[in-house]
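Chain and residue survey
So you can see what is in the structure, the chains are spelled out below.
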Amino acid sequence: MTLIVAIVLVVLWATQDSTTWGCTDPAATNYDPSATGNDGTCAYDGSGGGTDASGGGTDGSGGGAISGCTNPVALNYDASATLDDGSCIIVGCTDPSADNYDPDATQDASCAYLGCTDPAASNYQSWANVDAS
């Protein structure tokens, strides 16, 4: 259920994008006041765009950086992103005590706890949700 909700949210987020891409740095020679998202094309003193030796750019990352999720296994991976902004959504088990713990997961999904799930057995483990036999 959590995975379905996450996928729906990502799809809704992706289809709602009304960003006008361009250079959003007023100090750049090709500044576009109508741009609402920086596409990394800002040019400084004829540099041709992309980077700024002075570390400029509206995100403080050094010019032409494009913020987004840079992890290819994430649901919201952005292949054009050059600066990871911490927004990656990775669905998996976030409980370190689970048998299928995923240290990279950012959104909890079904965790597996292996053990005896038969209440009539002498080695029954009430916390187990996956039978180990």
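Residues numbered from 1 in each chain as written. Predicted model: local features only at pLDDT ≥ 70, side-chain atom pairs only at ≥ 80, totals over all residues. Heavy atoms only, no water.

1. Some points on the overall build of the protein
Here is the rule: Working definition: helices are DSSP H or I runs of at least four residues, strands are E runs of at least two. Numbering for both runs from the N terminus. Burial classification: accessible surface area is computed with a 1.4 Å probe over protein chains only, and a residue below 20% of its type maximum counts as buried, one above 50% as exposed, and the rest as partly exposed. Any two residues whose heavy atoms approach within 4.5 Å at even a single point are treated as in contact. For the area figures, the Shrake-Rupley method with a 1.4 Å probe applies, and any residue is considered shielded solely by the protein chains shown.
If you tally the helices and strands in the protein, you get one helix and eight strands. Listing each helix as α and each strand as β along the protein from the N terminus yields α-β-β-β-β-β-β-β-β. Burial status across the protein gives 29% buried among its 133 residues. Within the protein, contacts between residues separated by at least 24 positions form 10% of all contacts whose residues are at least 6 apart in sequence. Accessible area of the protein: about 8200 Å², with a carbon and sulfur share of 54%.

2. A closer look at the side chain of asparagine 76
Selection rule: Under the rule applied, a polar contact is a pair of N or O atoms within 3.5 Å (in protein, one hydrogen donor and one hydrogen acceptor; residues adjacent in sequence only if both atoms are side-chain atoms).
One can find asparagine 76 in the loop between strand 3 (67-68) and strand 4 (83-84). A polar atom in the side chain of asparagine 76 sits 2.8 Å from the backbone oxygen of serine 87. The residues contacting asparagine 76, other than those within four sequence positions of it, are Cys69, Ser87, Cys88 and Ile89.

3. Overview of the state of the cysteines
Our working definition: Cysteine sulfur atoms are paired as a disulfide whenever they come within 2.5 Å of each other.
The final tally for this structure, using the stated rule, is three disulfides. Here cysteine 93 engages in a disulfide with cysteine 111; their sulfurs sit 2.0 Å apart. Because the torsion about its S-S bond is 105 degrees, the bridge between cysteine 93 and cysteine 111 counts as right-handed. Of the two residues, cysteine 93 sits in the loop between strand 5 (91-92) and strand 6 (107-108) while cysteine 111 sits in the loop between strand 6 and strand 7 (114-115), which places them 18 residues apart along the sequence. Summarising the burial analysis for this pair, cysteine 93 and cysteine 111 share the class buried. With its bonded cysteines labelled in order along the sequence, the protein shows the pairing 1-2, 3-4, 5-6.

4. A closer look at the environment of valine 73
In this structure, valine 73 sits in the loop between strand 3 and strand 4. Residue valine 73 is classed as exposed on the basis of its relative accessible area, which comes to 63%. The spatial distance from the C-alpha of valine 73 to the C-alpha of cysteine 88 is 9.0 Å, given a sequence separation of 15 residues.

5. Quick word on the environment of aspartate 131
By secondary structure assignment, the location of aspartate 131 is in strand 8 (residues 130-131). Taking C-alpha positions, aspartate 131 is 8.4 Å from tyrosine 113, a pair spaced 18 residues apart along the chain. Those residues in contact with aspartate 131 that lie beyond four places of it in its chain are Gly115, Cys116, Thr117 and Asp118. A polar atom in the side chain of aspartate 131 sits 3.0 Å from the side chain of threonine 117.

Remember that the coordinates give geometry; whether it matters functionally is a separate question.
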